[in-house]
Amino acid sequence: MRWHCLQHLPDEGPGYAAEWLAAHGHSLTYTRLLEPYPIFPGVDEFDGLLILGGAMSVHEEEAFPWLRDEKAFLQTTLRAGKITLAICLGAQLVAQALGGEVHPNPDPEIGYWTVRFSAKALAHPLLRGWPAKATVLHWHFDTFTVPPGAVRVGMSAGCAAQGFVWGDGLIGLQFHPEMTEEMVEHLMHFENHEAAEEQEFVQTAEQIRAKLKSGWKGRKLLEALLENMVALHASEANFLSS
């Protein structure tokens, strides 16, 4: 399966997703948005789309003009019905494209917090194999409303919308199942989080490091999700060839 990745920051790469895709024989190409003149592929050049996080807001088009081009590209991929996994900023961009609203979360949510997944979402084929809840990494200031026609994935104590499933093959996640321990360290450095004080839904750098080993739970969610997305693609390909 041919995957394409939209990457917004150098240190926020696909992490565990890239490892799983490579181990299972899938290709992965990139559009790196902060590079000069980013180029987007044609919709016939990839089968699945992976959209990553970033420190910018979906509303900062003046500061990051490439956001306009990315949003236009997302509208094209949505019309084409591409299998899509969108994470954090990526999920916010897709939510907005589908008619949802993106706005500041009541509080920042940073660290390892538990997400409870909805029974309706767990019945969706993309979430086959997921548990009822999991402790996963969060790092966001904004959030989104669940787009019209989508199913809420779940919620945490600090955020009412932890994701959505739309149609058969599109999922947006507010949390970060893809981040390796090294990526979390880079993120804390980038955000100067060593100086951060504990808040209701913000853990200190020391608290985050103590929970880094919890990252395997997010990784297991991601691996199950990717396996389900690949199975969906295979099913669609078999249907079209029959």
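Every chain is numbered independently, its residues counted from 1 as its sequence is written. For a predicted model such as this one, the threshold for reporting local features is a pLDDT of at least 70, and the threshold for listing and counting side-chain atom pairs is 80 or more; totals across whole chains, interfaces and linings nevertheless cover every residue. As a rule here, side-chain values come from all non-hydrogen atoms in the structure, and water together with hydrogens is ignored.

It is not clear to me how the overall build of the chain should be interpreted in this structure. Could you clarify?
By the criteria applied, helices consist of DSSP H or I runs no shorter than four residues and strands consist of E runs no shorter than two, each listed in order from the N terminus. Each helix and strand in the chain was counted, giving seven helices and ten strands. When its C-alpha atoms are laid out on the principal axes, the chain stretches across 55 × 40 × 35 Å. In what follows, residue pairs with any heavy atoms lying within 4.5 Å of each other are defined as contacts. Within the chain, contacts between residues at least 6 apart in sequence are counted, and of these 74% link residues at least 24 apart. With residues, only the protein chains shown are counted as cover, and all accessible areas are computed by Shrake-Rupley using a 1.4 Å probe. If you sum the accessible surface of the chain, you get close to 11,100 Å²; carbon and sulfur atoms cover 54% of it. Neither His nor the chain termini are counted; the positive set is Lys and Arg, and the negative set is Asp and Glu. One atom stands in for each charge, and that atom is NZ of Lys, CZ of Arg, CG of Asp or CD of Glu. Taking the average location of the 17 positive side-chain charges in the chain and that of its 30 negative ones, the two points are 8 Å from each other.

How should the side chain of Thr 143 be read in this particular structure?
Tracing the backbone through its elements, the reader meets Thr 143 in strand E6 (residues 133–144). Using a 1.4 Å probe on the protein chains alone, a residue whose accessible area is under 20% of its type maximum counts as buried, one over 50% counts as exposed, and one in between counts as partly exposed. Looking at Thr 143, the relative accessible area reads 4%, which means it is buried. Contacts of Thr 143, omitting those with residues within four sequence positions, involve Gln 92, Glu 101, Val 102, His 103, Pro 104, Asn 105, Cys 159, Ala 161 and Gln 174.

What should I look at first to understand the side chain of Asp 47 in this one?
In this structure, Asp 47 sits in the loop between strand E2 (27–32) and strand E3 (48–51). For Asp 47, the residues in contact, after removing those within four places along its chain, are Met 1, Arg 2, Lys 82, Ile 83 and His 233.

Help me out: how do you make sense of the nonpolar core in this one?
One broad rule of soluble globular proteins: the nonpolar side chains tend to lie buried together. Core analysis: the largest hydrophobic core is formed by 34 residues, its most contacted members being Trp 3, Leu 85, Trp 130 and Ile 171. When contributions to this core are tallied by element, the ones reaching two or more residues are strand E1 (2–7), helix H1 (16–23), strand E4 (83–87), strand E5 (102–117), E6, strand E10 (170–173) and helix H7 (215–241). Here, nonpolar core refers to any group of buried Ala, Val, Leu, Ile, Met, Phe, Trp, Tyr and Cys residues whose side-chain atoms link them within 4.5 Å. Among the nonpolar cores identified, the runner-up in size contains 26 residues, and Leu 6, Phe 73, Leu 74 and Leu 78 belong to it.

Sorry if this is basic, but what is going on with the pairing of E4 here?
Two faces belong to every sheet, and in a regular strand the side chains alternate between them. In terms of residue burial, E4 counts as a mostly covered element, since five of its five residues are buried. Alternating residues of E4 divide into Ile 83, Leu 85 and Ile 87 and Thr 84 and Ala 86, and every residue in both groups is buried. The rule for pairing is simple: two strands pair if DSSP sees at least two bridges between them. Bridging between E3 and E4 involves four bridges; their strand directions are parallel. When the sheet's bridge partners are listed, Leu 49 is paired in E4 with Thr 84.

Sorry if this is basic, but what is going on with the sheet that holds E4 here?
Hydrogen bonds between backbone groups are what pair the strands of a sheet, and the pairing can be parallel or antiparallel. Strand order in this open sheet of seven strands is E2-E1-E3-E4-E10-E9-E7, and the pairing throughout is mixed. Of all the strands in the sheet, the pair left with one neighbour each is E2 and strand E7 (151–152). The strands touched by helix H2 (residues 66–80) within the sheet are E1, E3, strand E9 (163–166) and E10, with E3 carrying the most contacts at an inclination of about 145°. Note on geometry: axes are lines fitted to C-alpha atoms, helical ones only across the stretch in contact, with angles between N-to-C directions running from 0 to 180 degrees.

Is there a simple way to think about the UniProt feature "domain: Glutamine amidotransferase" (unreviewed entry) in the chain in this case?
Within this numbering scheme, the UniProt entry marks residues 44–185 as carrying the feature "domain: Glutamine amidotransferase" (unreviewed entry). In residues 44–185, the share of helix is 23% and the share of strand is 35%. The end C-alpha atoms are 36 Å apart. UniProt positions are given in the numbering used here, feature names are shortened, and annotations may be inferred rather than shown by experiment.

Sorry, what's going on with the sheet that holds E6 here?
Across the sheet, three strands lie side by side as E6-E5-E8; this open sheet has antiparallel pairing. Looking along the sheet, the strands with just one partner apiece sit at the ends: E6 and strand E8 (154–155). In terms of strand pairing, E5 meets E6 through eleven bridges, oriented antiparallel. Directly across from Pro 104, in E6, lies its bridge partner Asp 142. Strands E5 and E6 of the sheet are contacted by helix H3 (residues 89–97), whose axis makes an angle of about 60° with E6.

What's the story with the packing of H2 against H3 in this structure? I'm lost.
For any two helices packed against each other, one specifies the crossing angle of their axes together with the interaxial distance. It is at 10 Å that the axes of H2 and H3 come closest, and there the two elements cross at 65°. Comparing the axis directions of H2 and H3 gives the class roughly perpendicular. Crossing of H2 over H3 shows right-handed handedness. Mapping the contact onto sequence places Leu 67, Glu 70, Lys 71, Leu 74, Gln 75 and Leu 78 in H2 and Leu 93, Val 94, Gln 96 and Ala 97 in H3. Three categories are distinguished: nonpolar for Ala, Val, Leu, Ile, Met, Phe, Trp, Tyr, Cys and Pro, charged for Asp, Glu, Lys and Arg, and polar for the others, with Gly belonging to the last. A class-by-class count of the residues in the contact of H2 with H3 yields six nonpolar, two polar and two charged. Working rule for angles: under 35 degrees goes down as roughly parallel, over 145 as roughly antiparallel, 65 to 115 as roughly perpendicular, anything else as oblique. If you view the pair so one helix is near and one far, a crossing is left-handed when the near helix is turned anticlockwise from the far one by less than a right angle, and right-handed when it is turned clockwise.

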